[in-house]
Amino acid sequence: MPSWSNWSGSVVAETARLEAPADEAAVASLVREAAAAGTTVRVAGSGHSFVPVVPAAGAILSLDRLTGLLDSDPAACTATLYAGTKLHDATRLLWEQGLALPNQGDVDTQALAGAIATGTHGTGPGYGSISTRLVGARLVTASGDLLDVDSPDLLPALRVSLGLFGIMTRVTLACVPRYALRERVWQHAIDECLEQLEHTIASHDHYEFFWFPRSDIAESKALDPVDAEPETEDPPPLDGPGERVGWAHRIYPSVRELRFNEMEYAVPAEAGPACFRAVRQRMKERHPKVGWPVEYRTLAADDAWLSPAFGRATVTISVHQDAARPYREFFTDLEPIFRDFGGRPHWGKFHTSTRADLAAAYPRFEAFCTLRREFDPAGRFLSPYLAGLFA
(Lines give C-alpha, C1' and ligand atoms only; values in the text may rest on other atoms or scores of the structure.)
Protein backbone atom coordinates (compact mmCIF):
# COMPACT_ATOMS: atom_id res chain seq x y z
CA MET A 1 0.00 0.00 0.00
CA PRO A 2 1.18 3.56 -0.61
CA SER A 3 2.29 5.49 2.46
CA TRP A 4 2.21 9.12 3.52
CA SER A 5 4.32 11.05 6.04
CA ASN A 6 4.03 14.48 7.56
CA TRP A 7 6.82 17.07 7.37
CA SER A 8 8.57 16.05 10.60
CA GLY A 9 8.18 12.30 10.10
CA SER A 10 6.19 11.92 13.33
CA VAL A 11 3.03 10.77 11.50
CA VAL A 12 3.35 7.94 8.99
CA ALA A 13 0.39 6.07 7.56
CA GLU A 14 -0.58 3.61 4.88
CA THR A 15 -3.58 4.35 2.69
CA ALA A 16 -5.38 2.64 -0.15
CA ARG A 17 -4.80 5.52 -2.58
CA LEU A 18 -2.73 8.66 -2.95
CA GLU A 19 -4.34 10.96 -5.51
CA ALA A 20 -3.63 14.42 -6.97
CA PRO A 21 -6.84 15.42 -8.78
CA ALA A 22 -6.44 17.90 -11.61
CA ASP A 23 -9.63 19.89 -11.01
CA GLU A 24 -12.71 20.20 -8.84
CA ALA A 25 -14.63 17.68 -10.94
CA ALA A 26 -11.94 15.08 -10.25
CA VAL A 27 -12.07 15.84 -6.51
CA ALA A 28 -15.85 15.37 -6.57
CA SER A 29 -15.48 12.10 -8.48
CA LEU A 30 -13.02 10.74 -5.92
CA VAL A 31 -15.38 11.63 -3.07
CA ARG A 32 -18.28 9.89 -4.83
CA GLU A 33 -16.08 6.81 -5.31
CA ALA A 34 -15.25 6.85 -1.60
CA ALA A 35 -18.95 7.16 -0.75
CA ALA A 36 -19.82 4.21 -2.99
CA ALA A 37 -17.07 2.12 -1.40
CA GLY A 38 -17.93 3.21 2.13
CA THR A 39 -14.39 4.50 2.75
CA THR A 40 -12.89 7.75 3.99
CA VAL A 41 -10.99 10.49 2.19
CA ARG A 42 -8.74 13.22 3.56
CA VAL A 43 -6.64 16.00 2.07
CA ALA A 44 -2.94 16.46 2.81
CA GLY A 45 -1.48 19.94 2.42
CA SER A 46 2.20 20.37 3.21
CA GLY A 47 2.14 17.96 6.13
CA HIS A 48 2.82 20.61 8.77
CA SER A 49 0.38 19.09 11.25
CA PHE A 50 1.99 17.07 14.03
CA VAL A 51 -1.14 15.08 14.89
CA PRO A 52 -2.76 12.47 12.61
CA VAL A 53 -5.46 14.65 11.05
CA VAL A 54 -4.65 13.36 7.55
CA PRO A 55 -4.39 9.54 7.54
CA ALA A 56 -7.45 7.92 5.97
CA ALA A 57 -7.94 4.31 5.02
CA GLY A 58 -9.63 5.08 1.70
CA ALA A 59 -7.67 7.86 0.01
CA ILE A 60 -5.39 10.80 0.75
CA LEU A 61 -5.66 13.64 -1.72
CA SER A 62 -3.16 16.33 -2.61
CA LEU A 63 -4.48 19.63 -3.97
CA ASP A 64 -1.09 20.56 -5.44
CA ARG A 65 -2.69 20.74 -8.91
CA LEU A 66 -5.46 23.08 -7.73
CA THR A 67 -3.41 26.24 -7.35
CA GLY A 68 -3.42 29.84 -8.47
CA LEU A 69 -5.42 33.04 -8.39
CA LEU A 70 -8.98 32.81 -9.72
CA ASP A 71 -10.22 36.35 -9.22
CA SER A 72 -9.43 39.55 -7.35
CA ASP A 73 -11.14 42.82 -6.58
CA PRO A 74 -8.51 45.32 -5.43
CA ALA A 75 -11.17 47.96 -4.78
CA ALA A 76 -13.05 45.65 -2.42
CA CYS A 77 -9.78 44.08 -1.16
CA THR A 78 -10.91 40.51 -1.83
CA ALA A 79 -9.33 37.67 -3.77
CA THR A 80 -10.33 34.11 -4.64
CA LEU A 81 -7.66 31.42 -4.96
CA TYR A 82 -7.57 27.67 -5.34
CA ALA A 83 -7.23 26.13 -1.90
CA GLY A 84 -4.13 24.12 -2.80
CA THR A 85 -2.10 27.28 -3.38
CA LYS A 86 0.88 27.46 -1.05
CA LEU A 87 1.07 30.54 1.13
CA HIS A 88 4.31 31.77 -0.43
CA ASP A 89 2.67 31.65 -3.87
CA ALA A 90 -0.64 33.08 -2.64
CA THR A 91 0.97 36.10 -1.02
CA ARG A 92 3.04 36.81 -4.14
CA LEU A 93 -0.09 36.61 -6.31
CA LEU A 94 -1.91 38.97 -3.95
CA TRP A 95 1.05 41.38 -4.04
CA GLU A 96 0.84 41.45 -7.84
CA GLN A 97 -2.78 42.58 -7.46
CA GLY A 98 -1.80 45.29 -4.97
CA LEU A 99 -3.12 43.22 -2.05
CA ALA A 100 -1.78 41.47 1.04
CA LEU A 101 -2.83 39.53 4.11
CA PRO A 102 -2.92 41.76 7.20
CA ASN A 103 -0.85 39.21 9.11
CA GLN A 104 0.68 35.77 8.63
CA GLY A 105 2.91 33.29 10.38
CA ASP A 106 6.58 32.72 9.72
CA VAL A 107 6.01 29.43 7.85
CA ASP A 108 4.72 30.05 4.33
CA THR A 109 5.04 26.58 2.82
CA GLN A 110 1.55 25.52 3.93
CA ALA A 111 -1.38 25.17 1.55
CA LEU A 112 -4.15 27.72 2.04
CA ALA A 113 -6.71 25.02 2.84
CA GLY A 114 -4.55 23.54 5.59
CA ALA A 115 -3.55 26.89 7.06
CA ILE A 116 -7.19 27.95 7.26
CA ALA A 117 -8.48 24.61 8.52
CA THR A 118 -6.06 24.49 11.46
CA GLY A 119 -6.10 28.18 12.46
CA THR A 120 -2.54 29.05 11.43
CA HIS A 121 -1.60 32.48 12.77
CA GLY A 122 1.11 35.07 13.18
CA THR A 123 1.42 37.50 16.06
CA GLY A 124 -0.10 40.82 17.09
CA PRO A 125 -2.86 41.63 19.60
CA GLY A 126 -4.85 43.39 16.89
CA TYR A 127 -4.72 40.54 14.38
CA GLY A 128 -6.54 37.24 14.01
CA SER A 129 -5.43 34.05 12.30
CA ILE A 130 -5.57 33.59 8.53
CA SER A 131 -8.88 31.76 9.13
CA THR A 132 -10.51 35.04 10.15
CA ARG A 133 -9.92 36.37 6.62
CA LEU A 134 -12.10 33.66 5.04
CA VAL A 135 -15.27 35.25 3.59
CA GLY A 136 -16.21 32.50 1.14
CA ALA A 137 -15.28 28.98 0.12
CA ARG A 138 -16.20 26.19 -2.27
CA LEU A 139 -16.55 22.73 -0.77
CA VAL A 140 -16.83 19.29 -2.26
CA THR A 141 -19.42 17.81 0.07
CA ALA A 142 -19.73 14.25 1.33
CA SER A 143 -22.12 13.50 -1.54
CA GLY A 144 -19.60 14.74 -4.11
CA ASP A 145 -21.48 17.95 -4.87
CA LEU A 146 -19.98 21.43 -5.10
CA LEU A 147 -21.24 23.87 -2.47
CA ASP A 148 -20.37 27.57 -2.28
CA VAL A 149 -20.44 28.93 1.27
CA ASP A 150 -20.45 32.62 2.17
CA SER A 151 -23.21 32.72 4.77
CA PRO A 152 -22.36 34.58 7.99
CA ASP A 153 -24.22 31.81 9.81
CA LEU A 154 -21.88 29.09 8.49
CA LEU A 155 -18.54 30.86 8.17
CA PRO A 156 -17.75 30.93 11.91
CA ALA A 157 -18.02 27.13 11.93
CA LEU A 158 -16.15 26.66 8.65
CA ARG A 159 -13.20 28.95 9.37
CA VAL A 160 -11.38 26.46 11.61
CA SER A 161 -12.91 23.10 10.73
CA LEU A 162 -10.10 20.62 9.97
CA GLY A 163 -11.69 19.68 6.65
CA LEU A 164 -14.62 18.06 8.45
CA PHE A 165 -17.39 19.75 6.45
CA GLY A 166 -15.95 18.88 3.06
CA ILE A 167 -12.92 19.33 0.83
CA MET A 168 -12.20 23.01 0.38
CA THR A 169 -11.21 23.64 -3.25
CA ARG A 170 -11.27 27.44 -3.43
CA VAL A 171 -11.23 30.24 -0.87
CA THR A 172 -12.14 33.91 -0.93
CA LEU A 173 -10.09 36.06 1.42
CA ALA A 174 -10.60 39.55 2.79
CA CYS A 175 -7.31 41.31 2.15
CA VAL A 176 -5.75 44.74 2.68
CA PRO A 177 -3.76 46.97 0.32
CA ARG A 178 -0.19 45.74 0.06
CA TYR A 179 2.24 47.26 2.55
CA ALA A 180 5.83 47.17 3.73
CA LEU A 181 7.27 46.25 7.12
CA ARG A 182 10.36 47.10 9.11
CA GLU A 183 11.73 44.13 11.01
CA ARG A 184 13.90 44.51 14.09
CA VAL A 185 15.47 41.53 15.87
CA TRP A 186 17.39 41.82 19.14
CA GLN A 187 18.55 39.67 22.04
CA HIS A 188 18.29 40.35 25.75
CA ALA A 189 18.05 38.51 29.04
CA ILE A 190 14.74 36.73 29.51
CA ASP A 191 14.04 38.54 32.79
CA GLU A 192 14.48 41.89 31.05
CA CYS A 193 12.22 40.69 28.23
CA LEU A 194 9.48 39.73 30.68
CA GLU A 195 9.76 42.96 32.65
CA GLN A 196 9.19 44.96 29.47
CA LEU A 197 6.76 42.54 27.84
CA GLU A 198 3.48 44.46 28.23
CA HIS A 199 5.04 47.68 26.98
CA THR A 200 6.85 45.97 24.10
CA ILE A 201 3.69 44.23 22.87
CA ALA A 202 1.76 47.51 23.01
CA SER A 203 4.52 49.36 21.14
CA HIS A 204 4.54 47.21 18.00
CA ASP A 205 2.02 45.91 15.48
CA HIS A 206 3.60 42.44 15.56
CA TYR A 207 5.87 41.20 18.33
CA GLU A 208 7.09 37.80 19.49
CA PHE A 209 9.98 36.37 21.41
CA PHE A 210 11.83 33.07 21.47
CA TRP A 211 13.30 31.93 24.76
CA PHE A 212 16.43 29.79 24.43
CA PRO A 213 16.50 27.68 27.60
CA ARG A 214 20.17 26.78 27.70
CA SER A 215 21.37 30.38 27.52
CA ASP A 216 18.30 31.93 29.22
CA ILE A 217 18.34 34.53 26.44
CA ALA A 218 15.29 35.86 24.64
CA GLU A 219 15.37 36.77 20.96
CA SER A 220 12.70 39.37 20.28
CA LYS A 221 11.29 40.26 16.88
CA ALA A 222 9.11 43.28 16.11
CA LEU A 223 7.46 44.12 12.80
CA ASP A 224 5.90 47.49 12.08
CA PRO A 225 4.46 49.06 8.91
CA VAL A 226 6.45 51.73 7.11
CA ASP A 227 5.24 54.36 4.66
CA ALA A 228 7.94 53.89 2.03
CA GLU A 229 7.45 51.18 -0.59
CA PRO A 230 10.50 49.03 -1.35
CA GLU A 231 11.81 49.31 -4.89
CA THR A 232 11.75 45.54 -5.44
CA GLU A 233 9.72 42.59 -4.20
CA ASP A 234 12.73 41.15 -2.37
CA PRO A 235 13.77 42.69 0.96
CA PRO A 236 16.93 44.80 0.69
CA PRO A 237 20.00 43.96 2.79
CA LEU A 238 19.88 44.68 6.51
CA ASP A 239 19.77 48.41 7.28
CA GLY A 240 21.62 47.81 10.51
CA PRO A 241 22.18 45.03 13.04
CA GLY A 242 19.00 42.98 13.06
CA GLU A 243 16.98 45.33 10.85
CA ARG A 244 15.51 45.19 7.37
CA VAL A 245 12.63 46.69 5.39
CA GLY A 246 10.61 44.96 2.69
CA TRP A 247 7.20 44.03 1.39
CA ALA A 248 5.18 42.29 4.12
CA HIS A 249 4.92 38.92 2.35
CA ARG A 250 8.72 38.74 2.16
CA ILE A 251 9.34 39.91 5.73
CA TYR A 252 6.94 37.64 7.62
CA PRO A 253 8.41 34.24 6.60
CA SER A 254 11.45 32.65 8.20
CA VAL A 255 13.50 29.80 6.80
CA ARG A 256 12.86 26.57 8.71
CA GLU A 257 15.47 24.09 7.46
CA LEU A 258 15.74 21.99 10.63
CA ARG A 259 12.80 19.67 11.22
CA PHE A 260 11.05 19.54 14.55
CA ASN A 261 7.88 18.53 16.37
CA GLU A 262 5.80 21.14 18.13
CA MET A 263 3.12 21.62 20.77
CA GLU A 264 1.26 24.92 21.08
CA TYR A 265 -1.42 26.04 23.49
CA ALA A 266 -3.44 29.25 23.46
CA VAL A 267 -4.16 30.79 26.87
CA PRO A 268 -6.07 33.94 27.84
CA ALA A 269 -3.84 36.94 27.18
CA GLU A 270 -3.76 37.98 30.82
CA ALA A 271 -2.46 34.52 31.78
CA GLY A 272 0.32 34.49 29.21
CA PRO A 273 3.25 35.73 31.31
CA ALA A 274 2.44 33.50 34.30
CA CYS A 275 1.95 30.47 32.05
CA PHE A 276 5.28 31.10 30.34
CA ARG A 277 7.05 31.42 33.69
CA ALA A 278 5.60 28.09 34.81
CA VAL A 279 6.73 26.42 31.56
CA ARG A 280 10.18 27.94 31.93
CA GLN A 281 10.49 26.73 35.52
CA ARG A 282 9.49 23.17 34.66
CA MET A 283 11.86 23.04 31.71
CA LYS A 284 14.77 24.24 33.84
CA GLU A 285 13.96 21.72 36.57
CA ARG A 286 13.03 18.63 34.54
CA HIS A 287 14.22 19.14 30.97
CA PRO A 288 17.57 20.98 31.15
CA LYS A 289 18.91 19.24 28.03
CA VAL A 290 16.21 20.63 25.71
CA GLY A 291 17.81 23.29 23.54
CA TRP A 292 14.96 24.20 21.19
CA PRO A 293 13.34 27.56 21.91
CA VAL A 294 9.91 28.38 23.33
CA GLU A 295 7.90 30.83 21.22
CA TYR A 296 5.54 33.48 22.66
CA ARG A 297 2.99 35.25 20.42
CA THR A 298 -0.26 37.20 20.71
CA LEU A 299 -3.56 36.82 18.88
CA ALA A 300 -6.80 38.81 18.75
CA ALA A 301 -10.11 37.34 19.85
CA ASP A 302 -12.31 35.96 17.05
CA ASP A 303 -15.65 34.23 16.48
CA ALA A 304 -14.55 31.00 14.78
CA TRP A 305 -16.13 28.17 16.78
CA LEU A 306 -13.00 26.01 16.98
CA SER A 307 -10.46 28.81 17.03
CA PRO A 308 -8.14 28.70 20.04
CA ALA A 309 -8.78 32.47 20.21
CA PHE A 310 -12.58 32.11 20.21
CA GLY A 311 -14.04 34.88 22.34
CA ARG A 312 -10.86 35.97 24.06
CA ALA A 313 -7.63 37.89 23.50
CA THR A 314 -4.96 35.24 23.43
CA VAL A 315 -1.31 34.41 23.99
CA THR A 316 0.09 31.34 22.27
CA ILE A 317 3.09 29.49 23.68
CA SER A 318 4.86 26.88 21.56
CA VAL A 319 7.44 24.32 22.60
CA HIS A 320 9.62 22.41 20.15
CA GLN A 321 11.88 19.40 19.96
CA ASP A 322 14.21 18.16 17.23
CA ALA A 323 12.45 15.72 14.91
CA ALA A 324 15.19 13.16 15.49
CA ARG A 325 14.71 13.19 19.28
CA PRO A 326 11.94 11.80 21.51
CA TYR A 327 9.36 14.47 22.24
CA ARG A 328 6.22 12.86 23.69
CA GLU A 329 7.38 12.64 27.32
CA PHE A 330 8.63 16.24 27.22
CA PHE A 331 5.43 17.62 25.72
CA THR A 332 3.08 15.66 27.94
CA ASP A 333 4.96 16.81 31.03
CA LEU A 334 4.31 20.45 30.07
CA GLU A 335 0.75 19.99 28.83
CA PRO A 336 -0.93 20.09 32.28
CA ILE A 337 0.55 23.55 32.83
CA PHE A 338 -1.19 24.88 29.74
CA ARG A 339 -4.46 23.30 30.80
CA ASP A 340 -4.16 24.78 34.30
CA PHE A 341 -4.05 28.22 32.66
CA GLY A 342 -7.14 27.58 30.52
CA GLY A 343 -5.19 26.58 27.41
CA ARG A 344 -6.69 25.39 24.16
CA PRO A 345 -4.51 23.29 21.83
CA HIS A 346 -3.49 24.28 18.33
CA TRP A 347 -5.32 21.83 16.06
CA GLY A 348 -2.30 21.03 13.93
CA LYS A 349 0.20 20.54 16.74
CA PHE A 350 0.79 17.82 19.29
CA HIS A 351 -1.70 17.49 22.12
CA THR A 352 -3.42 14.70 24.02
CA SER A 353 -6.79 16.40 24.54
CA THR A 354 -9.83 14.14 24.65
CA ARG A 355 -13.27 14.96 23.36
CA ALA A 356 -14.33 15.83 26.91
CA ASP A 357 -11.34 18.18 27.27
CA LEU A 358 -12.22 19.94 24.03
CA ALA A 359 -15.91 20.22 24.84
CA ALA A 360 -14.98 21.93 28.11
CA ALA A 361 -12.53 24.31 26.43
CA TYR A 362 -14.63 25.36 23.41
CA PRO A 363 -18.08 26.81 24.13
CA ARG A 364 -19.33 25.95 20.62
CA PHE A 365 -17.77 22.50 20.41
CA GLU A 366 -20.96 20.47 20.57
CA ALA A 367 -22.69 22.82 18.13
CA PHE A 368 -19.76 22.24 15.77
CA CYS A 369 -20.11 18.45 16.12
CA THR A 370 -23.83 18.63 15.42
CA LEU A 371 -23.24 20.68 12.27
CA ARG A 372 -20.45 18.32 11.17
CA ARG A 373 -22.85 15.39 11.35
CA GLU A 374 -25.35 17.29 9.21
CA PHE A 375 -22.71 17.90 6.55
CA ASP A 376 -21.13 14.44 6.74
CA PRO A 377 -23.44 11.91 8.46
CA ALA A 378 -21.40 8.91 7.26
CA GLY A 379 -18.07 10.31 8.48
CA ARG A 380 -16.57 10.42 5.00
CA PHE A 381 -14.03 13.07 6.05
CA LEU A 382 -13.05 11.60 9.42
CA SER A 383 -9.62 10.13 9.99
CA PRO A 384 -9.50 7.57 12.80
CA TYR A 385 -7.91 10.20 15.04
CA LEU A 386 -10.57 12.80 14.23
CA ALA A 387 -13.35 10.26 14.68
CA GLY A 388 -12.31 9.89 18.31
CA LEU A 389 -12.82 13.62 18.82
CA PHE A 390 -15.73 14.58 16.56
CA ALA A 391 -17.84 11.53 15.62
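The written sequence of each chain sets the order in which its residues are numbered from 1. For this predicted model, a pLDDT threshold of at least 70 governs which residues receive local features, and a threshold of 80 or more governs which side-chain atom pairs are given and counted, while totals over whole chains, interfaces and linings are taken from all residues. As a convention, hydrogens and water are excluded, and side-chain values are obtained from all of the structure's heavy atoms.

1. A word on the packing of aromatic side chains
Heads up, the condition is: Working definition: rings of Phe, Tyr and Trp (its six-membered ring) pair if their centres are within 6.5 Å, and the pair is stacked with planes under 30 degrees apart, edge-to-face with planes over 60 apart, and tilted otherwise. Helix and strand definitions here come from DSSP, where helices need a minimum of 4 consecutive H or I residues and strands a minimum of 2 consecutive E residues; each element is numbered from the N-terminal end. When a residue's accessible area, from a 1.4 Å probe over protein chains only, is under 20% of the maximum for its type it is buried; when over 50% it is exposed; and in between it is partly exposed. Working rule: Lys NZ or Arg CZ, within 6 Å of ring centre, within 35 degrees of ring normal, means a charge sits over the ring.
Following the criterion strictly, the structure yields 21 aromatic pairs and no others. Here F209 and F276 contribute two aromatic rings whose centre-to-centre distance is 5.2 Å and whose plane-to-plane angle is 90 degrees, an arrangement assigned as edge-to-face. With F209 in strand β14 (residues 206-212) and F276 in helix α8 (residues 272-286), this residue pair connects regions lying 67 residues apart in the sequence. Side by side, F209 and F276 carry an identical accessibility label, which is buried. Seen in terms of ring centroids, W347 and Y362 are 5.4 Å apart; in terms of plane orientation they differ by 35 degrees. Their pairing is tilted. Remark: Y362 occurs in the loop between α10 (355-361) and α11 (365-375) and W347 occurs in the loop between β20 (344-345) and α10; sequence separation between them is 15 residues. Pairwise contacts between aromatic rings join F165, W347, Y362, F365, F368, F375 and F390 into one cluster. R344 extends its terminal NZ or CZ atom over the ring of Y362, reaching a point 5.3 Å from the ring centre. The ring centre of W305 lies 4.3 Å from the NZ or CZ of R364, which sits over that ring.

2. Description of the sheet that holds strand β18 (residues 294-299)
Cut-off, in case you're wondering: Being paired, for any two strands, means DSSP has found at least two bridges between them.
Read across the sheet, eight strands follow the order β16-β13-β15-β14-β18-β19-β17-β20 without closing on themselves; strand pairing throughout is antiparallel. Sheet topology places β16 (243-247) and β20 at the edges, where each strand pairs with a single neighbour. Examined bridge by bridge, strand β17 (residues 260-268) and strand β19 (residues 314-322) share nine bridges and lie antiparallel to one another. Its bridge partner being in β19, M263 is matched across the sheet by V319.

3. Things to note about the nonpolar core
Here is the rule we go by: Put simply, buried Ala, Val, Leu, Ile, Met, Phe, Trp, Tyr and Cys residues joined by side-chain atoms within 4.5 Å make one nonpolar core. We call two residues contacting when some pair of their heavy atoms lies within 4.5 Å.
Core analysis: the largest hydrophobic core is formed by 66 residues, its most contacted members being L134, L158, I167, L173, W347 and F390. No other element matches helix α1 (residues 24-37), which puts five residues into this core. Those residues in contact with F390 that lie beyond four places of it in its chain are L162, L164, L306, W347, R355, F365, F368, C369, R372, R373 and L382. If you look at the next biggest cluster of nonpolar residues, it comprises 31 residues, including I201, I337, F338 and F350.

4. Focus: the packing of α8 against helix α9 (residues 328-340)
Helix-helix packing: each pair is described by the crossing angle between the helix axes and the interaxial distance. This is how the line gets drawn: Axis angles are defined between N-to-C directions and span 0 to 180 degrees, where every axis is a line fitted to C-alpha atoms and, for a helix, only to the segment in contact. For this classification, under 35 degrees means roughly parallel, over 145 means roughly antiparallel, 65 to 115 means roughly perpendicular, and everything else is oblique. Two helices that cross are described as forming a left-handed crossing if the nearer one is turned anticlockwise from the farther one by less than a right angle, and a right-handed crossing if clockwise. Three classes are used: nonpolar for Ala, Val, Leu, Ile, Met, Phe, Trp, Tyr, Cys and Pro, charged for Asp, Glu, Lys and Arg, and polar for all others, with Gly counted as polar.
Two numbers describe how α8 lies on α9: the axes approach to 10 Å, and their chain directions differ by 150 degrees. Between α8 and α9, the angle falls in the class roughly antiparallel. Between α8 and α9 lies a crossing of right-handed hand. Judged by residue contacts, C275, A278, V279, R282, M283 and R286 of α8 engage F330, D333, L334, I337 and F338 from α9. Considering only residue class, the contact of α8 with α9 consists of eight nonpolar, no polar and three charged.

Limitation: the analysis is restricted to geometry and does not speak to function.
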